[in-house]
Every structure is written in C-alpha cells, then in structure tokens.
Amino acid sequence: MGTPSPLAVLLLAVLLRAPPAAQGRPSFMVILADDLGWGDLGANWAQTKETPNLDELAARGTRFVDFHSAASTCSPSRASLLTGRLGARNGVTHNFAITSLGGLPLNETTLAEVLQAAGYSTGAIGKWHLGHHGRHHPTSRGFDYYFGIPYSNDMGCTDTPGYNVPPCPPCPRHGATTTRYGSGHGTTRWDLGFAAPNLWCERHGAPFSHSPSDKECYRDVALPLLENLTIVQQPVNLSSLTERYAEAAARFVQRASDSGRPFFLYVALAHMHVPLEVSVPPGSDVYGAALREMDALVGRLRRLAGPDTLLWFAGDNGPWAQKCELAGRLGPLVGAWQRTRGGSPAKQTTWEGGHRVPALVYWPGRVPAARSSRAVLSTLDIFPTLVALAGAPLPPNRRFDGLDVSPVLFGQSDVGHEVLLHPNSGAAGKDGAIEALRLAQYKAFYTTGGAKACDGSVGPEERHQPPLIFNLDRDIQEQEPLDVASAEYQAVLPAISRAYARALEDIATDNVSVADYSRDPAAVPCCSAQHVACRCQAPPAASLHRSTERRATRLCL
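What comes next concerns the included structure. (Residues numbered from 1 in each chain as written. Predicted model: local features only at pLDDT ≥ 70, side-chain atom pairs only at ≥ 80, totals over all residues. Heavy atoms only, no water.)

### With respect to the overall build of the protein chain
Part 1 of the reasoning: Secondary structure summary: the protein chain contains 14 helices and 18 strands in total.
Part 2 of the reasoning: For the protein chain, with 557 residues in total, the buried portion stands at 61%.
Part 3 of the reasoning: For the protein chain, restricting intrachain contacts to residue pairs at least 6 apart in sequence, the fraction spanning at least 24 positions comes to 73%.
Part 4 of the reasoning: Element-wise, carbon and sulfur atoms account for 53% of the exposed surface of the protein chain, whose accessible area totals about 21100 Å². (Helix = DSSP H or I, 4+ residues; strand = E, 2+ residues; numbered from the N terminus. Buried < 20%, exposed > 50% of the residue type's maximum accessible area, 1.4 Å probe, protein only. Contact = heavy atoms within 4.5 Å. Areas by Shrake-Rupley, 256 points an atom, 1.4 Å probe, with all protein chains shown as cover.)

If you want it as structure tokens, here you go:
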C-alpha cells in the first residue's frame, strides 16, 4: 500500500476538523498590486493624492507601516505568498519565462489548495507567473476558477502597448505567420491545448521574442488572456483589462454567494507594472493616472466584499526604478548608502525600497479601524493567518516562514517577526540566497548591490564580513551603517550572527523543493500558430456558468 500524498493527508484532516456548514467561516479577498512603491499609498505618504479608496480602507481598517514582500521580484514573491515559505524552501528563486516548462513545484501546497479542501470556492484573477504549462496552471494549483494573464503584462506584445520606458511597438499585424513547432510532426499543442510557435532564436540561445532594435520589447508572441484553460484573447486588450478583471471578480463572488460557500479570491493586479495603458487627463501624469485607475479598481473590489469578508491588500515588491517616470514612489525608503555607489535601491534589491510595501487589512467589525501597526509583518504571513481563520490545518512535513498574525490584525498585539529574512532577488548575490536579515530594529547586509537605475547605472555587488548593520528606527533611509567599533554594533552583532546561523540551519534541515526552470518553445501560449504573433479572435463573452466551464474544459483538454 502506497504512502498517502501530503494533500490527501491535509484533506482528511480538514474533513475531520471542518464545521458542518460554511456559516461562521469568513471569506477572503487578497489583492496584490505589482511594482507598487511604499510611497504610492496616500495614507503612507502625504504627497500622494491618487489613492482615495485605499486611504479610506486604511481609515476604516488597519494599515501596516513595516510590512514586507517575501522577495523583491515577481515569481518568488507570489510563490511565497501562496505557500508561506521563502524561495529557499519552495524552490522559486527567480522569475519564470514564457517558455518555462516548470513552475511552483508540485509538491508545494498552495493556500488555495488548503482552502479548497476546507470547502471554500477559490478563484484567481490577474497575473499568475508561477508556471503556465501542464499542471502548473492555476486550476491545477487549487483554484476553481482563473481569469488573467499567465505572466507579466510586458512579456508579450499587444495592440495597445501603452506607456513604457523604452517605448515598445504594437504587435505586428502582417508578415510571415508563426511556423508550427517541430518539423514534420504536425502542430504541437500544450497539455492545456495551446499550439506553440517555432522560435528559432530560443533554440539557438538568442533573446526570445524581442525586436531586433530593442531587446526589452517582445515581438514574436502576443500577450494572452486566459479563462481557465482557454485563451480567450491574444493579444489581450490592455485598455479593457481593468474592466474585465472587475467583471470577472463580480461573477466569481456572485457564484460563491449562490453556492452558500465561503470564498477565497486572489486578485493579482496588472497595476503598476509597465506597460501602463491608461487615459491621461489634462494636468495629470501617466503614473498618477494609472495609480488612480488602480485605486478605483480596488474600490470596486471592496464593494464586492460582504461583511464576512476579510480584505488584505499588499504590494508584491517595490517600484521598478529603471522605468524612470513610470516607476513608483519610494517615500523615505531611498537606500541612500547604495545610491552613493550607483544603481537603484528598489525592486530586485534587499534595500527597504525593494521589499517594504504598502499593506492594509479591512474587515468591518473585526479589524480595528483607523489603526496603524508597526509590527514587522510579511506577505509570508497571509498563508498561515488565513488558514487559521478558516479553521484548517497547515500542511504537514514542512516548515513555514510566515506567522499566524491574527492577534495583530485584531488589535490584540503589535508584535510580528523578531527575525525576518530578505532573499537576494536579482540585484546581487545568488538568487534566493539569504544575505540580508532584520532583527528587531536592526537590519544586516552580508551582500549589497543596486539594480539598474533610471540613469542606467547598476550598483556593484559588495560582500560584507562583518555585515553592514543599520538601525532602521533612526535611519529608515539606510544612509549610515553603524560604526563597527561602536558599542551599539558590538552589542547587536552577536545576536544577529546567532539569528542568521539559526535561520540558515533551519532551512538546510527542512523539506526543500527545487523548481524546474527548463525552457522549451512548446510551452509558449499560442492561440493560432497560423497567424502572426499567435493572433486569434476572442470567443463570445466568457461566462462563469458551469455549462460554459465544462464546454471550455472539454475544448481545451
């Protein structure tokens, strides 16, 4: 007799512990913004005026001023949110490509899988970026329903290219059609039913699907929009994406309400990642107009949430500084020490501007209103906190970096992490390695580096032994590290060294996963290999009715 899978064990535990009906269990809505700066929330930074809905949520809920993403780039941050584990444990240490065969390792259990097993309706809307090929698709990772783009909104051309730095052209409309993948083998199709293009450049080591004149712009394959397993539009119309996300969320919530089950809705916004496709009113700038549009969408999503719904809003990482005027606002998190050496202290770095993000929780009657918490919290905490509130058990045989922070949410405590680890995220050091950490008000760096800045500079990678240590209570700008000879440095260094050693040992002795980062052009979502850039015609308006879902699934499989 074989050993039962961890998910089977989890399901059995849920069945034994679950209440007889859904009544009394809260619903959850997690909204994740993309590339949002700490200073992009008006409640955080008075100069910001474009977020009235988010500011109202902060006034009616609890705002976290010392809240951190689990990584400073897309895929690792999202993997950690959905597993409660750092990339050093869950295997996702850098971003997946459009040609990626793998994704979040299948032996990792997602928050959606736990809540689905507990009887929740589960839906994901927006950017996924945790693998789109085969069983890495959201509907194979615990989500009953998915509507969105499989990766970042700049990882494919569109007919509505919006604003970017540098500007990217729209998808080609004429020219040679995309050749079917594989000579003499017919049309190679995904497990999910997508025909893949033959991309010579990928097989020969050249940059994939980029314009010859600009390596940062995708040209060969259009950005797809998926509903469950079906491409419903390619290229996606970025001008209408915000509205379509709002409509999909409304349909999902209504369906969950009709079923009488609590729901978990994960909304991963395209905002504020470039390209920004937005109408800019007179007197406004592009970024401000896009920020206001994002805020309005959050307001619409909040109105979908009933009185028994906990809404948790956060950013996935800091702003992408190399996008210049299209990048977010750091507020006071300027990483001054790094800036004097070149490069950006924001996205992809372990400076505060890379991982300290706006965050708030709203739950009328449960979460205290008009409260600001200084507890050190993380997107890692979303998993264990929501699992606890749902009355479900944590998956067995693994350790978690996140905490159940329910007491902080309910105003009963203001204590979060004593130690918080910040993994390398592309600017310096090995991806996913832990070379920066927080201990109380102190932050230690064993490696530093700056990401590409607006001026094109990149800060050099520097190793520090003994580590650089900053006291964030009095130096939030990370300007002046403690003098190694000072009494303060000598007093805190032993505690930091012990915490660092314990953290590395804990990871080394855990059940650690390894992600598959192999690539193959056959993994590329392509609606029609016969048309340039994989173009296809959008089918009739999608529906959440069961008959439509069954019809679409049969079509794809």
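Back to the write-up after that little detour.
### Let's talk about helix α8 (residues 286-304)
Part 1 of the reasoning: Helix length check: α8, at 19 residues, gives a terminal C-alpha distance of 28 Å against a target of 27 Å (1.5 Å per residue), a fit within 8%.
Part 2 of the reasoning: At the N-terminal end of α8, a side-chain oxygen is found 3.3 Å from the backbone nitrogen of Y287, two or three residues along, and the residue is D285. (Expected span 1.5 Å × (residues − 1). Polar contact = N/O pair within 3.5 Å; in protein donor to acceptor, adjacent residues only side chain to side chain.)

### Thoughts on the pattern of salt bridges
Part 1 of the reasoning: In total, this model carries 29 salt bridges according to the counting rule given.
Part 2 of the reasoning: Across the salt bridge formed by D35 and K347, the nearest N and O atoms sit 3.1 Å from each other. On the criterion of sequence distance, the pair formed by D35 in the loop between β1 (27-33) and α2 (52-60) and K347 in the loop between α9 (336-339) and α10 (352-355) is long-range, its members being 312 residues apart. Each member of the pair, D35 as well as K347, carries the same accessibility label: buried.
Part 3 of the reasoning: Put simply, E462 and R341 hold a salt bridge, and the shortest N to O gap is 3.8 Å. Within this pair, whereas E462 is found in strand β18 (residues 462-471), its partner R341 is found in the loop between α9 and α10, the two being separated by 121 residues in sequence.
Part 4 of the reasoning: Taken together, the salt bridges that share partners define one network made up of R85, R89, E108, R399, D401, D506 and D510. (Salt bridge = Lys/Arg side-chain N within 4 Å of Asp/Glu carboxyl O.)

### Notes on the sheet that holds strand β15 (residues 419-423)
Strand pairing in a sheet relies on backbone hydrogen bonds, with the paired strands running either antiparallel or parallel.
Part 1 of the reasoning: Read across the sheet, 4 strands follow the order β15-β16-β17-β18 without closing on themselves; strand pairing throughout is antiparallel. Since the sheet does not close on itself, it has two edges, and those belong to β15 and β18, each with one partner. Taking each pair of neighbouring strands and ignoring which way they run, the sheet shows an average axis angle of 20°.
Part 2 of the reasoning: Pairing of strand β16 (residues 434-439) with strand β17 (residues 442-448) involves 4 bridges; the strand directions are antiparallel. Among the inter-strand pairings, A436 is bridged to a residue of β17, identified as F445.
Part 3 of the reasoning: On the sheet, helix α13 (residues 487-508) packs against β15, β16, β17 and β18 and is oriented at approximately 125° with respect to β16. (Pairing = 2+ DSSP bridges. Axes fitted to C-alpha atoms, helices over the stretch in contact; angles between N-to-C directions.)

### Focus on the packing of helix α7 (residues 238-259) against α8
Part 1 of the reasoning: Where α7 contacts α8, the axes come no closer than 10 Å and their chain directions differ by 10°. Judged on the interaxial angle alone, α8 and α7 are roughly parallel. Note on element contacts: α8 touches α7 through E293, L297, R300, L301 and L304, opposite T242, E243, A246, A249, A250 and V253. (Parallel < 35°, antiparallel > 145°, perpendicular 65-115°, else oblique.)

### Regarding the packing of aromatic side chains
Part 1 of the reasoning: Counted according to the given criterion, the structure contains 17 aromatic pairs.
Part 2 of the reasoning: Among the aromatic residues, those joined into a ring-pair cluster are W128, F143, F264 and Y266.
Part 3 of the reasoning: The ring of W320 has K323 lying over it, and the distance from NZ or CZ to the ring centre is 4.7 Å.
Part 4 of the reasoning: Over the face of the ring belonging to W337 we find R341, whose NZ or CZ atom lies 3.6 Å from the ring centre. (Phe/Tyr/Trp six-rings, centres within 6.5 Å; stacked < 30°, edge-to-face > 60°. Lys NZ or Arg CZ within 6 Å of the ring centre and 35° of its normal.)

### Brief notes about the state of the cysteines
Part 1 of the reasoning: Applying the stated criterion across every chain, the model contains 5 disulfides.
Part 2 of the reasoning: Disulfide partner of C157: C171, at an S-S distance of 2.1 Å. Handedness of the C157-C171 disulfide follows from its S-S torsion of about 105°: it is right-handed. Residue C157 is found in the loop between β5 (145-148) and α6 (200-203), and its partner C171 is found in the loop between β5 and α6; the two are separated by 14 residues along the sequence. Side by side, C157 and C171 carry an identical accessibility label, which is buried. (Disulfide = S-S within 2.5 Å.)

### Digging into the nonpolar core
Part 1 of the reasoning: Ranked by internal contacts, the top residues of the largest apolar core, which has 59 residues, are I31, L265, M294 and F313.
Part 2 of the reasoning: Listing elements by their share of this core, those giving two or more residues are β1, α2, β5, α7, β10 (263-268), α8, β11 (309-315) and β12 (359-362). (Core = buried A, V, L, I, M, F, W, Y, C linked by side-chain atoms within 4.5 Å.)

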